[in-house]
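Summary of structural features
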Protein chains: 2
Amino acid sequence: MNYFSSDFKLGILGGGQLGKMLLYNTRKFDINTSILDGSNEAPSKIACNAFTLGDLMDYDAVYNFGKQVNVLTIEIENVNVNALEDLEKEGVKVYPASKTLRTIQNKATQKLFYVDNAIPTAPFSRFAYTSEVKEAINNGGVTLPFVWKSAQFGYDGQGVKIVRTIADLDGLPNVECIAETLVPFKNELSVIVARSASGEVKSYPVVEMEFHPEANQVEYVICPARIDAEVAKKAEAVALKVSKSFNHVGLLAVEMFQTEADDILVNEVAPRPHNSGHQTIEASFTCQFEQHIRAILDLPLGRTDSKVGGVMVNLVGAEGYTGNVIYENIDAIMKMEGVTPHIYGKKQTRPFRKMGHVTIVNEDLNEARRVAEEVKKAIKVISA
Amino acid sequence: MNYFSSDFKLGILGGGQLGKMLLYNTRKFDINTSILDGSNEAPSKIACNAFTLGDLMDYDAVYNFGKQVNVLTIEIENVNVNALEDLEKEGVKVYPASKTLRTIQNKATQKLFYVDNAIPTAPFSRFAYTSEVKEAINNGGVTLPFVWKSAQFGYDGQGVKIVRTIADLDGLPNVECIAETLVPFKNELSVIVARSASGEVKSYPVVEMEFHPEANQVEYVICPARIDAEVAKKAEAVALKVSKSFNHVGLLAVEMFQTEADDILVNEVAPRPHNSGHQTIEASFTCQFEQHIRAILDLPLGRTDSKVGGVMVNLVGAEGYTGNVIYENIDAIMKMEGVTPHIYGKKQTRPFRKMGHVTIVNEDLNEARRVAEEVKKAIKVISA
């Protein structure tokens, strides 16, 4: 198929910020793009060829949209998978595959997939309802402390709670869930693997993620991770195995724990461009968004190594502020060396809402990390 | 003024490919953008907040558009300067200034500006009509060979001819023109200077341009230029002087000749992002489009040095092909190391039409240059 022709259409489910960054990269190749999103205010509207308003969880909306494109991809996992399955049967190329999305959408199923494929992951128990967990604790089936996770999809750390006492279970939704062993870890790592339709595979360097303790959101992403080469090699091998096990096409971000014993455990995956790859825009030979497009269009993959060291800082709404957003001191951070802000264009801020990110690049990663901390200290996402 | 607010509006005159690449970079800062262009098919339409159809040379079209924005910039020099002058008087920030555009739009006036400001440039004579040049040759005022240039603006080398015999003048339009001494040169160089509204200045490394002998279009841009450090220093100093003389705000691309005697002579300038800066997208710490936005919005300028060596290849329509474009072997070039194509999305090709560009980056500039030649050999912009 000639992707560089106006007869070809790429469809994207979801018109958020990831979709928008994906769209900028489709322009490099002059790819004809269509977006489906549930909001007329979708950020991607500004950068696509055609926009369709429709609910991503609605069978008809997804099916009818998908019938009009040649290749269909996603920027968010919460989409109607039955529609994708039917579209695949009817010849539409759907990346990631419906089967992969179905596995990932449920955290219990995702964990079972790792077990079935001999991929290291923290031990866990599965429950139909949170109410059953208490009983399991009482009869010794589950040991405190553990991590409670809602099986159905949670975004940005919602649906995850560390349970240290039985009382911590109070107030949690009574839904399908898992109780995962709380494994002490040194680092949270991520590897983005790109795999093309014809099976070419390239992985990005291992990155290190520092989380904000309260919001459970990534605060810094550091590329490359400051870890032993042996550990990095192990993490990369695990990530490649996950991508291969899913027979994945496109990007797969594999989030992992590096345990105290330097074991690697898969936490979860995202079958798309990911927050842990934003620094690739400035730091890598090929940015993750361009790479995803190359992969799903079965074009040759680009170099995944880095030109320079990169650190990414998430810009989230400051606590105590809700309303029309102001980026305080943005001039000050733009004065610092190697700093590029990416403002997502959301008009309203609220505590911990993702409002953008800032990339800091430098030949010396330690210097980039130092500047990142200055950026973090200086900028405040507040309201008017 | 708070640029990061929805009350602020940036206007761009011209909706071509440069405007489009500028727009992608406004998204980083969530700047509200409006475009004026004479064609409903303008490439920029896909990436702006608001699009106005109107003739860029028409006073009313430019004036009425300009009244609705806070800062006005251009992506093409051929615009109605009287309207810009009135907008400046009424408080709109116009970058580049109307005065600069008026000076640049006429090549004779531009040359006189260099003379007046002690900026080195090739000697020249000015004529009201081409017909007067023949007489000047006959009475010894002009010596063969020389470069004939139409004073009024020519695009992509139109309006320029090397005159070796009197017969070469036949067929040239009988317009205001200059006859410039043909100075033998080793290299054509370019330096892009960024200057912000409050006077902060940064210049990009000197780049080397290799021209296609027939089409008079840049074939390769090589960054940094493979020249002596002393010559580079001289070229940079001249470019900075030109920017300062214009009291310029925004990017100024200064094209220069390196003579056989290693003197630097200014050829011409472009007061905007420029073809000789496209490799900055992949190779530099701050791409030229982001830098232009930083400069005209009086934000701090970004680093102008390079992460890696960069070579840019223009993709122009092959001779003998006119019609619906096909990019033959695009897969093959994407397989090469460090190659990113930028396809501009023009549906029709014709000989020497600019259809896109390809950037090749590598830690080793010589390797990038080698791959660039392979790219050039492999890809063919032809028609169906």
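For clarity, every value in this text was computed on a predicted model and none was experimentally measured.

All right, on to the interface of chain A and chain B then. The partner chain B presents 39 residues to the 39 residues of chain A that form the contact. Summing the contributions of chain A and of chain B, the shared interface buries around 3600 Å²; its carbon and sulfur component is 58%. The largest contributions to the chain A side of the interface with chain B come from A:Ile46, A:Arg303 and A:Met334, which together make up 18% of the buried area. Connecting chain A to chain B are 6 salt bridges. As a salt-bridge pair, B:Glu363 and A:Arg303 come within 2.8 Å of each other at their nearest N and O atoms. Here chain A is connected to chain B by 12 residue pairs in polar contact (both at pLDDT 80 or more).

Residues and elements named next belong to chain B. Across the sheet, which stays open at both edges, the 3 strands sit in the order β19-β17-β21 with antiparallel pairing between neighbours. Where the open sheet ends on each side, the last strands, each with one partner, are β19 (348-349) and β21 (380-383). For strand β17 (residues 323-328) and β21, the ladder comprises 4 bridges, and the chain directions are antiparallel. The residue bridging Tyr 327 from the neighbouring strand is Val 381, located in β21.

In this section: the domain arrangement of chain A. Per the domain assignment, the segments of chain A are domain 1 (10-94), domain 2 (123-181) and domain 3 (185-383). Put simply, the middle of domain 2 of chain A and the middle of domain 3 of chain A, counted by C-alpha atoms, are 28 Å apart.

What follows concerns the UniProt feature "binding site: ATP" (unreviewed entry) in chain A. Residues and elements named next belong to chain A. In the UniProt entry, the feature "binding site: ATP" (unreviewed entry) is given for Lys 107, Lys 149, Glu 180, Thr 181, Leu 182, Val 183, Glu 188, Asn 267 and Glu 268. With respect to the secondary-structure elements, Thr 181 resides in strand β9 (residues 177-181). The residues contacting Thr 181, other than those within four sequence positions of it, are Ala 122 and Pro 123. With respect to the element layout, Asn 267 can be found in strand β15 (residues 264-270).

So, on to the environment of B:Asp168. Residue and element names in this part refer to chain B. With respect to the element layout, Asp 168 can be found in the loop between β8 (160-163) and β9 (177-181). Judged by its relative accessible area of 22%, Asp 168 is partly exposed. In this structure, the C-alpha to C-alpha distance between Asp 168 and Trp 148, residues 20 residues apart in sequence, is 9.8 Å. Every residue in contact with Asp 168, bar those within four places of it in the chain, is listed here: Lys 161, Ile 162 and Val 163.

Quick look at the pairing of strand β16 (residues 309-316) of chain B now. All names here are of chain B. Judged by how many residues are buried, β16 sits mostly within the fold: 7 of 8 residues are covered. In terms of strand pairing, strand β13 (residues 218-223) meets β16 through 4 bridges, oriented antiparallel. Of the residues in β16, the one forming a bridge with Tyr 220 is Val 313.

This next bit is on the sheet that holds strand β19 (residues 348-349) of chain A. Spatial strand order, β19-β17-β21 (chain A): 3 strands in an open sheet with antiparallel pairing. Looking along the sheet, the strands with just one partner apiece sit at the ends: β19 and β21 (380-383) of chain A.

What follows is about the packing of aromatic side chains. Following the criterion strictly, the structure yields 9 aromatic pairs over all chains and no others. Aromatic side chains B:Phe113 and B:Phe246 sit 4.1 Å apart centroid to centroid with 10° between the ring planes, which places their arrangement in the stacked category. Here B:Phe113, found in helix α5 (residues 107-116), pairs with B:Phe246, found in the loop between α7 (229-245) and β14 (250-259); they are 133 residues apart in sequence, far enough to count as distant. B:Phe246 shares its class with B:Phe113; the two are buried. Each member of the aromatic cluster is reached from another via a ring pair, and the members are A:Phe113, A:Tyr114 and A:Phe246. Between B:Lys307 and the ring centre of B:Phe285, over which it is positioned, the NZ or CZ distance is 5.9 Å. One residue, B:Arg369, lies across the ring of B:Tyr220, its end atom 4.1 Å from the ring centre.

Glancing now at helix α11 (residues 365-378) of chain A. Residues and elements named next belong to chain A. Its 14 residues give α11 an end-to-end C-alpha distance of 20 Å, which sits within 8% of 20 Å, the value for a rise of 1.5 Å per residue. Taken together, the buried positions of α11 are Leu 365, Ala 368, Arg 369, Val 371, Ala 372, Val 375 and Ala 378. Residue Asp 364 occupies the N-cap position of α11, its side-chain oxygen lying 2.9 Å from the main-chain nitrogen of Asn 366.

The next thing to look at is the relation of the copies chain A and chain B. Between the two copies, chain A and chain B, the superposition gives an RMSD of 0.1 Å; the rotation angle is 180° and the shift along the axis is 0.0 Å. This pairing of chains is accounted for by a two-fold axis. Of the C-alpha atoms belonging to chain A, the one lying closest to the rotation axis is found on A:Ala47, 2.5 Å away. Most of the interface of chain A is mirrored in chain B, where 100% of its interface residues are also at the interface.

What follows deals with the packing of helix α2 (residues 59-66) of chain A against helix α3 (residues 81-89) of chain A. Residue and element names in this part refer to chain A. At a minimum axis distance of 8 Å, the contact between α2 and α3 shows a crossing angle of 30°. Relative to α3, α2 is oriented roughly parallel. Between α2 and α3 lies a crossing whose hand is right-handed. Taking contact as the criterion, the partners of Tyr 59, Val 62, Tyr 63 and Gly 66 in α2 are, on α3, Asn 82, Ala 83, Leu 84, Asp 86 and Leu 87. Among the residues making up the contact of α2 with α3, the classes are represented as 6 nonpolar, 2 polar and 1 charged.

About the cut-offs
Residues numbered from 1 in each chain as written. Chains lettered and ligands numbered in written order. Predicted model: local features only at pLDDT ≥ 70, side-chain atom pairs only at ≥ 80, totals over all residues. Heavy atoms only, no water. Contact = heavy atoms within 4.5 Å. Buried area = accessible area lost by both parts, 1.4 Å probe. Salt bridge = Lys/Arg side-chain N within 4 Å of Asp/Glu carboxyl O. Polar contact = N/O pair within 3.5 Å; in protein donor to acceptor, adjacent residues only side chain to side chain. Pairing = 2+ DSSP bridges. Helix = DSSP H or I, 4+ residues; strand = E, 2+ residues; numbered from the N terminus. Domains from an automatic or database assignment. UniProt positions renumbered as here; feature names shortened; annotations may be inferred. Buried < 20%, exposed > 50% of the residue type's maximum accessible area, 1.4 Å probe, protein only. Phe/Tyr/Trp six-rings, centres within 6.5 Å; stacked < 30°, edge-to-face > 60°. Lys NZ or Arg CZ within 6 Å of the ring centre and 35° of its normal. Expected span 1.5 Å × (residues − 1). Least-squares fit on C-alpha atoms with pLDDT ≥ 70 in both. Axes fitted to C-alpha atoms, helices over the stretch in contact; angles between N-to-C directions. Parallel < 35°, antiparallel > 145°, perpendicular 65-115°, else oblique. Left-handed = near helix turned anticlockwise from the far one by under 90°. Nonpolar A, V, L, I, M, F, W, Y, C, P; charged D, E, K, R; others polar.

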